[in-house]
Amino acid sequence: MSFTNMSAQSSVHDIIGESYKLSGGIHSGIFDSNHAGNYPLNIGVLLQYNYYPDIRNNLFFGGELGSFFAFSGSDKYGRRTRDVFIDFTFYPGISIPLEKNSKTSKNPGKIIKYLKDVRRLDFSLGFIAIFPTRKRSEGSGVNNNSIKPGIGFSARASYELKDRIGIFLNVSRINKDLDGYAVVGSAPNRNNEFSVTYIYKIGVMYNFIHK
């Protein structure tokens, strides 16, 4: 019995600092798939889960599921972007509290609650997979069949406020050309020559669950 009690106390001590958040958000930004002078925009939504194994330390892990619409007017070759994507990201990160966490209390639970509720800056770098779901780019040289799923890296920074609202910036590099535009024209007017896409997002988040 004594051994059982000691094991239980040890387990509680090990996880006493854990925390997690479930958040939803909206964003806009730039969809850069090797364009010259005409960068499509993106608008979308996302759902995010972050897990903090011990909020007295800085490490956390997270996952994000999102969908966005990339669109543009006609470029100089008469091509337009009209595509919808779903993306999934997994990332480890560092969370930095922005307030002094030197409060002392005889109740460890109060200390943990304080650490959980302070404002934070989160930085993460992870892997992203993206899947086209609606391929409607059009114009001279556009080949929608060339729009394939891609993978890459995603860097993220977010600022958490006390009232459950946060803002974030996300930059992703994908190993595919995601708009279906062919190389058109001759040097120096060639564009869309490299099979890579950059996606820039800026948006706001709301924490539905924060425990």
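Here, the structure is the one placed above.
Residues numbered from 1 in each chain as written. Predicted model: local features only at pLDDT ≥ 70, side-chain atom pairs only at ≥ 80, totals over all residues. Heavy atoms only, no water.

Caption draft 1: Molecular detail of the packing of aromatic side chains. Tallying each qualifying case throughout the model produces nine aromatic pairs. For the pair Phe60 and Tyr91, a centre-to-centre distance of 6.3 Å together with 75° between the ring planes defines the contact as edge-to-face. Of this pair, Phe60 sits in strand 3 (residues 59-71) while Tyr91 sits in strand 4 (residues 82-97), and the two are 31 residues apart along the sequence. For the pair formed by Phe60 and Tyr91, the shared burial category is buried. Here the aromatic cluster, defined as three or more aromatic residues joined through ring pairs, consists of Phe31, Phe68 and Phe85. Over the aromatic face of Phe168 sits the side chain of Arg156, whose NZ or CZ is 4.3 Å from the ring centroid. (Phe/Tyr/Trp six-rings, centres within 6.5 Å; stacked < 30°, edge-to-face > 60°. Helix = DSSP H or I, 4+ residues; strand = E, 2+ residues; numbered from the N terminus. Buried < 20%, exposed > 50% of the residue type's maximum accessible area, 1.4 Å probe, protein only. Lys NZ or Arg CZ within 6 Å of the ring centre and 35° of its normal.)

Caption draft 2: Seen up close, the side chain of Asp75. Positionally, Asp75 belongs in the loop between strand 3 and strand 4. On the basis of relative accessible area, Asp75 is assigned to the buried category, the value being 12%. At 2.9 Å, the side chain of Asp75 and the backbone nitrogen of Tyr77 are in polar contact. A polar contact of 2.9 Å, which involves the side chain of Asp75, links it to the backbone nitrogen of Arg79. Those residues within four positions of Asp75 in sequence are excluded, and the remaining contacts are Asn38 and Tyr181. (Polar contact = N/O pair within 3.5 Å; in protein donor to acceptor, adjacent residues only side chain to side chain. Contact = heavy atoms within 4.5 Å.)

Caption draft 3: Quick look at the environment of Ala155. Along the chain, Ala155 turns up in strand 6 (residues 150-160). A relative accessible area of 35% means that Ala155 is categorised as partly exposed. The sequence separation of Ala155 and Arg173 amounts to 18 residues, and the corresponding C-alpha distance is 8.9 Å. For Ala155, the residues in contact, after removing those within four places along its chain, are Ser124, Leu125, Leu169, Asn170 and Val171.

Caption draft 4: Main features of the pattern of salt bridges. Counted according to the given criterion, the structure contains five salt bridges. Its salt-bridge partner being Arg80, residue Glu138 comes within 2.4 Å of it at the nearest N-O pair. Of this pair, Glu138 sits in the loop between strand 5 (120-135) and strand 6 while Arg80 sits in the loop between strand 3 and strand 4, and the two are 58 residues apart along the sequence. By relative accessible area, which is 36% here, Glu138 ends up partly exposed. The shortest N-O distance in the salt bridge between Lys201 and Asp87 comes to 3.3 Å. Of the two residues, Lys201 is situated in strand 8 (residues 197-210) and Asp87 in strand 4; the sequence distance between them amounts to 114 residues. Here Lys201 matches Asp87 in class, with each residue buried. (Salt bridge = Lys/Arg side-chain N within 4 Å of Asp/Glu carboxyl O.)

Caption draft 5: Geometry of the nonpolar core. Among the nonpolar cores identified, the biggest contains ten residues, and these are Phe31, Phe68, Ala70, Phe85, Ile128, Ile130, Ile147, Ile174, Leu178 and Ile199. Counting residues per element, the ones that place at least two in this core are strand 3 and strand 5. Residue contacts for Ile128: discarding those within four places in its chain leaves Asp87, Phe88, Thr89, Gly150, Ile151, Gly152, Phe153, Ser154, Ser172 and Ile174. In terms of nonpolar packing, the next biggest core, distinct from the first, is built from eight residues, Tyr52, Ile55, Tyr114 and Leu115 among them. (Core = buried A, V, L, I, M, F, W, Y, C linked by side-chain atoms within 4.5 Å.)

Caption draft 6: A look at the pairing of strand 3. Direction of pairing for strand 2 (residues 41-52) relative to strand 3: antiparallel, over a ladder of eleven bridges. In the strand pairing of strand 3, Val45 is matched with Ser67. Linking two consecutive strands that pair antiparallel, namely strand 2 and strand 3, is a turn of six residues. In this structure, strand 3 lies alongside strand 4, joined through 13 bridges in antiparallel fashion. The partner of Glu64 across the bridge, within strand 4, is Thr89. (Pairing = 2+ DSSP bridges.)

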